Amino acid sequence: MTKDWSQRTRSVHAGTRRSQYGELSEAIFLTQGFAYENAEAAEARFIECGEDEYIYARYGNPTVRMFEERIAAIEGAEDAFATASGMAAVSGALMALLKAGDHVVASKALFGSCLFILENVLGKFGVETTFVDGTDLAQWEAALRPDTKAVFFESVANPTLEVVDIRGVAELAHKVGALVIVDNVFASPVFSDAIAQGADVVVYSATKHIDGQGRVLGGVVLGTTEFIRGTFEPYMKHVGAALSPFNAWILLKGLETMSLRVNAQCDTAQALAEAALDHPKVARVLFPGLPVHAQHDLATAQMKRPGTVVSIDLAGGQEAAFRFINALKIVKISNNLGDAKTIITHPATTTHQRLKEEQKLALGITRGLVRISAGIEDTADIVADIAQALEAI
Ligand SMILES: *Cc1c(COP(=O)(O)O)cnc(C)c1O
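Residues numbered from 1 in each chain as written. Predicted model: local features only at pLDDT ≥ 70, side-chain atom pairs only at ≥ 80, totals over all residues. Heavy atoms only, no water.

1. Things to note about empty space enclosed by the protein
- All told, the structure shown has four cavities of 30 Å³ or more when counted by the stated rule.
- Quantified by volume, the largest cavity comes out at close to 60 Å³.
- Lining the largest cavity are A57, R58, Y59, G60, V64, E68, F81, A82, A242 and L243.
- Counting residues per element, the ones that place at least two in the lining of the largest cavity are α3 (62-75) and β1 (79-83).
- Broken down by class, the residue content of the lining of the largest cavity amounts to seven nonpolar, one polar and two charged.
- If you add up the space inside the second largest cavity, you get close to 40 Å³.
- For the second largest cavity, the full set of lining residues is V156, L161, F186, A187, F287, P288, M303, P306, G307, T308 and V309. (1 Å grid on protein atoms, 1.4 Å probe; cavity = no way out; pocket = protein on both sides within 12 Å on 5 of 7 lines; lining within 4 Å. Points joined across faces, edges and corners; volume = space filled by probe spheres on them. Helix = DSSP H or I, 4+ residues; strand = E, 2+ residues; numbered from the N terminus. Nonpolar A, V, L, I, M, F, W, Y, C, P; charged D, E, K, R; others polar.)

2. Comments concerning the sheet that holds β1
- Sheet architecture is open: seven strands sit in the order β1-β7-β6-β5-β4-β2-β3, paired in mixed fashion. Taken across any chain shown, the strands that pair with only one partner, and hence form the sheet edges, are β1 and β3 (128-132). Geometrically, the sheet is characterised by an average inter-axis angle of 20 degrees between neighbouring strands, direction not taken into account.
- With four bridges joining them, strand β6 (residues 201-205) and strand β7 (residues 219-223) adopt antiparallel strand pairing. Opposite V203, over in β7, you have V221 as the bridge partner.
- Packing of helix α5 (residues 112-124) onto the sheet brings it into contact with β2 (103-107), β3, β4 (148-154) and β5 (179-183), and relative to β3 it is tilted by some 135 degrees. (Pairing = 2+ DSSP bridges. Axes fitted to C-alpha atoms, helices over the stretch in contact; angles between N-to-C directions. Contact = heavy atoms within 4.5 Å.)

3. Details of the site of the ligand
- Taken together, 13 residues surround the ligand, and among them M87, D183, S205, T207 and K208 come closest.
- Contacts to the ligand include D183, whose side-chain N or O atom sits 2.6 Å from a nitrogen atom.
- A distance of 2.7 Å separates an oxygen atom of the ligand from a polar side-chain atom of K208.
- When the ligand sits alone it has 380 Å² of accessible area, and the protein chains cover 92% of it.
- Per-class residue counts for the shell around the ligand are five nonpolar, five polar and three charged. (Near = heavy atom within 4 Å. Polar contact = N/O pair within 3.5 Å; in protein donor to acceptor, adjacent residues only side chain to side chain. Areas by Shrake-Rupley, 256 points an atom, 1.4 Å probe, with all protein chains shown as cover.)

4. Concerning the layout of surface pockets
- One number sums up the size of the largest pocket: a volume of about 520 Å³.
- By residue number, the principal contributor to the lining of the largest pocket is α5, which donates six residues.
- Tallied by class, the residues present in the lining of the largest pocket amount to five nonpolar, 10 polar and four charged.

5. Structural notes on the packing of helix α4 (residues 86-97) against α5
- Running from N to C, α4 and α5 cross one another at 35 degrees; their axes reach a closest spacing of 10 Å. The two elements α4 and α5 meet at a crossing, and its hand is right-handed. Of the residues in α5, those in contact with M87, V90, S91, L94 and M95 of α4 are S113, C114, I117, L118, V121 and L122.
- Taken together, the residues of the contact of α4 with α5 break down into nine nonpolar, two polar and no charged. (Left-handed = near helix turned anticlockwise from the far one by under 90°.)

6. Let's talk about the nonpolar core
- The biggest cluster of nonpolar side chains holds 45 residues, and the ones touching the most others in it are F67, I71, W140, V151, F153, I210 and L222.
- The biggest single contributor to this core is helix α10 (residues 245-277), with eight residues.
- The residue makeup of this core includes at least three contributed by each of domain 1 (12-254) and domain 2 (257-391).
- Filtering out sequence-adjacent residues up to four positions away, V151 remains in contact with V105, W140, L144, V169, A173, L179, V180 and I181. (Core = buried A, V, L, I, M, F, W, Y, C linked by side-chain atoms within 4.5 Å. Buried < 20%, exposed > 50% of the residue type's maximum accessible area, 1.4 Å probe, protein only. Domains from an automatic or database assignment.)

7. Points about the domain arrangement of the chain
- Each assigned domain of the chain is listed with its residue range as follows: domain 1 (12-254) and domain 2 (257-391).
- The distance between the C-alpha centroids of domain 1 and domain 2 comes to 27 Å.
- Counting residues at the interface gives 36 residues for domain 1 and 37 residues for domain 2.
- Taken together, both faces of the contact between domain 1 and domain 2 bury some 2,900 Å²; the carbon and sulfur share is 61%.
- Here domain 1 is connected to domain 2 by zero salt bridges.
- Between the two partners, domain 1 and domain 2, sit 17 residue pairs in polar contact (both at pLDDT 80 or more).
- Of all the secondary-structure elements, those providing two or more residues to the side of domain 1 that touches domain 2 are α7 (166-175), α8 (188-191) and α10.
- Element by element, the count of residues in the side of domain 1 that touches domain 2 is highest for α8, at four residues. (Buried area = accessible area lost by both parts, 1.4 Å probe. Salt bridge = Lys/Arg side-chain N within 4 Å of Asp/Glu carboxyl O.)

8. Points about the packing of aromatic side chains
- Counted according to the given criterion, the structure contains five aromatic pairs.
- Geometrically, the ring pair formed by Y56 and Y59 is edge-to-face, given 6.3 Å between the ring centres and 80 degrees between the ring planes.
- On the accessibility criterion, Y56 (36% relative accessible area) is partly exposed.
- Ring geometry for W140 against F153: centres 5.6 Å apart, planes inclined by 70 degrees, an arrangement best described as edge-to-face. Of this pair, W140 sits in helix α6 (residues 137-143) while F153 sits in strand β4, and the two are 13 residues apart along the sequence. For the residue pair W140 and F153, the accessibility class agrees, reading buried in each case.
- It is K237 that lies over the ring of Y59; its NZ or CZ is 4.7 Å from the centre. (Phe/Tyr/Trp six-rings, centres within 6.5 Å; stacked < 30°, edge-to-face > 60°. Lys NZ or Arg CZ within 6 Å of the ring centre and 35° of its normal.)

Next comes the structure, spelled out in structure tokens:
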């Protein structure tokens with residue numbers, strides 16, 4: 001039934017569980033515990049917890065379960081497990097799977113905290129990571145070894161918007177039996193088909209497009225029933241980065257409007273990328289939806305639409321970037337993305353400040369680079385705001 005529905009219909013209806021009141025909008029079950037009829041029922045629940053039965057909110061909760069089932073249906077995954085944040089999902093997926101002596105291959109263009117987990121946390125426990133240029137399949141092939149347990153990459157990298165070939169990497173990784181774990185935030189559940197393209201595990205920071213209104217932190221790990229129930233759940237239910245039922249409810253309602261929001265955001269991203277392209281103050285525009293993007297063809301084949309984030313490299317370096325940012329009237333300066341509000345950030349001095357200068361340059365994070373996450377305001381208003389700020393440089 002759910003399988004025959006289009007993604008937009010699943011976004012509104014999948015996973016809904018109704019109480020005896022038949023409430024139309026999903027209920028928030030703001031409870032950590034569940035009362036049993038008698039001692040025998042409690043014992044039975046601990047021996048085998050049924051499909052719609054709960055023990056403790058760290059293991060599961062009806063509102064959290066509705067969110068997990070809805071996002072799994074949208075993504076086409078067998079199952080999902082929600083977490084307190086995107087980083088709890090990323091670190092949990094890796095930690096649950098890996099042990100000392102295992103090898104990982106990862107793209108080097110990663111969100112700072114993902115890099116920290118691989119280098120500092122997993123490194124401390126004896127997991128070795130080889131970093132490659134994620135866009136170069138030959139580098140993936142050369143780095144993969146018989147003891148490689150997992151590959152990890154962002155399907156679209158932050159903030160330079162390089163696209164990794166999911167099918168290509170998955171084919172190589174599966175030859176050595178490695179699990180393909182994809183951080184799919186920039187592609188969003190709306191535009192990506194990562195599981196159909198070979199990803200074994202997909203991770204989202206639900207803080208971004210899934211909430212989409214800047215309210216809560218959340219995360220989710222999606223994959224086969226075997227991975228979610230056999231590998232991830234036993235780890236996470238004891239480690240304890242459980243999603244609050246209140247936040248799950250926010251995210252569940254966020255999923256209802258996600259497709260509308262993300263498509264509107266993509267319209268604006270495409271329009272502002274095109275408007276900035278030939279401007280004399282602009283050195284480069286990075287957006288997978290532009291034919292000049294190095295992986296435009298791959299992005300077109302791999303994603304339904306090119307996403308909601310545009311990076312612009314200003315010819316005048318940091319001084320020009322700061323003037324541009326400070327001249328914006330509608331666009332807000334913040335480091336979230338996927339929000340209803342259009343947001344700008346200067347990666348070199350904020351999100352990627354701690355990287356060494358040569359690391360920044362190797363990743364394409366120049367002093368003139370600004371990252372813009374398109375919101376759901378009127379496209380013409382945002383394009384006009386960007387245009388007047390470019391004039392102000
Ligand atoms: C934001 C983000 C994360 C971390 O998510 P949180 O919800 O902030 O913990 C991980 N990966 C990517 C690509 C992100 O953009």
